[in-house]
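Below are the chains, spelled out letter by letter.
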Amino acid sequence: MKVIDLTKESFVEKVADYQGYPKEWKFKGNKPCLVDFHAPWCVYCKALSPILDQLAVEYNGKIDIYKVDVDQEPELEAAFAIRTIPNLLLCPVGGEPTMKLGTMNKTQLKALIEEALL
């Protein structure tokens with residue numbers, strides 16, 4: 001599988017109604033997901049992107065990996081109070097979503113994904 005770009009409409013369809021975050025969070029996925037809030041001009045986001053592409057293939061069928069361009073989706077950026085990018089939203093099935101700020105290496109991301117798969 002590949003990393004999927006989300007708009008606010010597809011975010012609501014695949015992840016959750018962002019307007020209820022965090023108090024009324026109801027994750028819609030049937031497997032965990034990782035959402036990368038990024039911008040095309042961000043150097044750190046560009047460094048993270050190929051790692052997410054690799055993990056999308058490696059964890060195909062186990063986790064969905066999405067991207068949200070904060071320049072194109074200001075409502076999502078505001079709803080999650082994104083002030084620094086990259087910023088990752090991890091959504092485990094049946095658990096609480098968590099935000100992880102900043103870039104991570106592949107080992108750190110794999111540990112984060114493995115935690116969500118438990």
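Basis of the calculations
- Residue positions are given per chain, counting from 1 as you read along its sequence in written order.
- Given that this is a predicted model, residues contribute local features only at a pLDDT of at least 70 and side-chain atom pairs are listed and counted only at 80 or more, while totals for whole chains, interfaces and linings are drawn from all residues.
- Hydrogens and water molecules were not included; the side-chain quantities draw on all heavy atoms of the structure.
- Axis lines are fitted to C-alpha atoms, over the contacting stretch for helices. Their N-to-C directions set the angle, which ranges from 0 to 180 degrees.
- Under the scheme used here, helices are H or I runs from DSSP no shorter than 4 residues and strands are E runs no shorter than 2 residues, and both carry numbers assigned from the N terminus.
- Angles are sorted into four bins: roughly parallel if under 35 degrees, roughly antiparallel if over 145, roughly perpendicular if 65 to 115, and oblique for all others.
- Working rule for handedness: look at the near helix, and if it is turned counterclockwise from the far one by less than a right angle, call the crossing left-handed; if clockwise, right-handed.
- Any two residues whose heavy atoms approach within 4.5 Å are treated as being in contact.
- One speaks of a salt bridge when a side-chain nitrogen belonging to Lys or Arg is within 4 Å of a carboxyl oxygen belonging to Asp or Glu.
- Buried, partly exposed and exposed residues are distinguished by accessible area as a fraction of the type maximum, computed with a 1.4 Å probe on protein chains only: under 20%, between the cut-offs, and over 50%, respectively.
- Here a Phe, Tyr or Trp ring, Trp counted by its six-membered ring, pairs with any other such ring whose centre lies within 6.5 Å, and the pair is stacked when the planes are under 30 degrees apart, edge-to-face when over 60, and tilted otherwise.
- The span one expects for a helix is its residue count, reduced by one, times 1.5 Å.
- Two axes enter the bend calculation: one fitted to the seven residues ending at the residue in question, the other to the seven starting there, and the bend is the angle between them.
- A pair of strands counts as paired when DSSP detects no fewer than two bridges linking them.

Participant: Help me get a handle on the packing of helix H2 (residues 43-58) against helix H4 (residues 106-117), residues and values and all.
Facilitator: A pair of packed helices can be characterised by two numbers: the angle between their axes and the separation between those axes. It is at 10 Å that the axes of H2 and H4 come closest, and there the two elements cross at 45°. When the axis of H2 is compared with that of H4, the two are oblique. As H2 runs across H4, the sense of the crossing is right-handed. Packed against H2, whose contacting residues are Leu48, Ile51, Leu52, Gln54, Leu55 and Glu58, the element H4 presents Lys106, Leu109, Lys110 and Ile113 at the interface.

Participant: I'd like to hear about the pattern of salt bridges, residue by residue, with values.
Facilitator: Under the criterion given, the structure shown has four salt bridges. Measuring nitrogen to oxygen at the nearest pair gives 3.6 Å for the salt bridge that ties aspartate 64 to lysine 31. Of this pair, aspartate 64 sits in strand S3 (residues 64-69) while lysine 31 sits in the loop between helix H1 (8-14) and strand S2 (33-38); the two residues are 33 residues apart in sequence, bridging distant segments of the chain. With a relative accessible area of 10%, aspartate 64 lands in the buried category. A network of salt bridges, in which partner residues are shared, links Glu58, Lys106 and Lys110.

Participant: Got a sec to walk through the packing of aromatic side chains? Specific residues and values, please.
Facilitator: One pass over the full model with this rule turns up four aromatic pairs. A ring pair is formed by phenylalanine 11 and phenylalanine 80, whose centres lie 5.5 Å apart and whose planes are at 65°; its orientation type is edge-to-face. You can see phenylalanine 11 sitting in helix H1 and its partner phenylalanine 80 sitting in the loop between helix H3 (74-79) and strand S4 (87-91), a full 69 residues away along the chain. Judged by its relative accessible area of 0%, phenylalanine 11 falls in the buried class.

Participant: Quick rundown of the environment of leucine 34? Include the residues and the values.
Facilitator: By the element assignment, leucine 34 lies in strand S2. Of the residues examined, leucine 34 reaches a relative accessible area of 0% and is grouped as buried. In this structure the C-alpha to C-alpha distance between leucine 34 and glutamate 75, which are 41 residues apart in sequence, comes to 19 Å.

Participant: Lay out H2 in plain terms, naming residues and giving numbers.
Facilitator: Across its 16 residues, H2 extends 24 Å between first and last C-alpha, which sits within 8% of the 22 Å expected from 1.5 Å per residue. Remark: the principal bend of H2, roughly 25°, maps to serine 49, with a proline, proline 50, within the next four residues.

Participant: I'd like a description of the sheet that holds strand S1 (residues 4-5), backed by residues and values.
Facilitator: The five strands are arranged S1-S3-S2-S4-S5 in an open sheet whose pairing can be described as mixed. Lying at the two open borders of the sheet, with one neighbouring strand each, are S1 and strand S5 (98-101). By the bridge criterion, two bridges tie S1 to S3 in an arrangement that is parallel. Residue aspartate 5 lies in a different strand from S3, and its bridge partner there is lysine 67. On the sheet, H2 packs against S2, S3 and S4 and is oriented at approximately 155° with respect to S3.

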